[in-house]
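Here is what each chain is made of, one letter per residue.
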Amino acid sequence: MVGATPGFLRSLDEAKLLDPQRSGGGHRRYSRHELRLAARVRELLDHGTALDAACRIVVLEDQLDEARRTIAGQRDG
C-alpha cells in the first residue's frame, strides 16, 4: 500500500514511530494514519534524511497538524 517492505515497517516499529495492532494470528495491522506516516518517512529517506531524523520530522509534522486541527475546532466551536 505504501510501497514499503515488511522489514522497513518493522524498523519503524522498533524506532517507536508505529505501534501496530496485532491480529489473532500475530500479524501486524497498521492503521491508515500509520501507513501515511510510514510513506512520509520513506519519502524523507529517499531524499537522504537519516531514519532517526525522518522519524522525528514526521512526529513533529503530525503534532503540528493535530495542533492546527485543535485550534480550528476551537474557533468553530
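Calculation criteria
- Residues numbered from 1 in each chain as written.
- Predicted model: local features only at pLDDT ≥ 70, side-chain atom pairs only at ≥ 80, totals over all residues.
- Heavy atoms only, no water.
- Axes fitted to C-alpha atoms, helices over the stretch in contact; angles between N-to-C directions.
- Helix = DSSP H or I, 4+ residues; strand = E, 2+ residues; numbered from the N terminus.
- Parallel < 35°, antiparallel > 145°, perpendicular 65-115°, else oblique.
- Left-handed = near helix turned anticlockwise from the far one by under 90°.
- Contact = heavy atoms within 4.5 Å.
- Phe/Tyr/Trp six-rings, centres within 6.5 Å; stacked < 30°, edge-to-face > 60°.
- Lys NZ or Arg CZ within 6 Å of the ring centre and 35° of its normal.
- Salt bridge = Lys/Arg side-chain N within 4 Å of Asp/Glu carboxyl O.
- Buried < 20%, exposed > 50% of the residue type's maximum accessible area, 1.4 Å probe, protein only.
- Expected span 1.5 Å × (residues − 1).
- Core = buried A, V, L, I, M, F, W, Y, C linked by side-chain atoms within 4.5 Å.

Caption draft 1: Up close: the packing of helix α2 (residues 32–46) against helix α3 (residues 51–76). Running from amino to carboxyl end, α2 crosses α3 at an angle of 135°, the nearest separation of the two axes being 9 Å. The orientation of α2 with respect to α3, classified from their angle, is oblique. For the pair α2 and α3, the sense of crossing is right-handed. Residue-level contacts link His 33, Leu 37, Arg 40, Val 41, Leu 44 and Leu 45 of α2 to Leu 51, Ala 54, Cys 55, Ile 57, Val 58, Glu 61 and Asp 62 of α3.

Caption draft 2: Representation of the packing of aromatic side chains in the model. For the structure on display, the rule yields zero aromatic pairs. Positioned above the aromatic ring of Phe 8 is the side chain of Arg 42, whose terminal nitrogen or guanidinium carbon lies 4.7 Å from the ring centre.

Caption draft 3: A look at the pattern of salt bridges. In this structure the tally under the stated criterion is five salt bridges. As a salt-bridge pair, Asp 46 and Arg 42 come within 3.3 Å of each other at their nearest N and O atoms. Of the two residues, Asp 46 and Arg 42 are both situated in helix α2; the distance of four residues between them amounts to about one turn of the helix. Assessed through its relative accessible area of 56%, Asp 46 is described here as exposed. A cluster of three or more residues bridged by salt bridges with shared partners is formed by Arg 40, Glu 43 and Glu 61.

Caption draft 4: Summary view of α3. In a regular helix each residue adds 1.5 Å, so 26 residues correspond to 38 Å; α3 covers 37 Å between its end C-alpha atoms and thus fits that length. All buried positions along α3 are accounted for by Ala 54, Cys 55 and Val 58. The inward-facing, buried residues of α3 contact α1 (6–14) and α2.

Caption draft 5: Layout of the nonpolar core. Counting 14 residues, the largest nonpolar core has Leu 9, Leu 12, Leu 17, Leu 18, Val 41 and Val 58 as its most contacted members. Only α1, α2 and α3 provide two or more residues apiece to this core.

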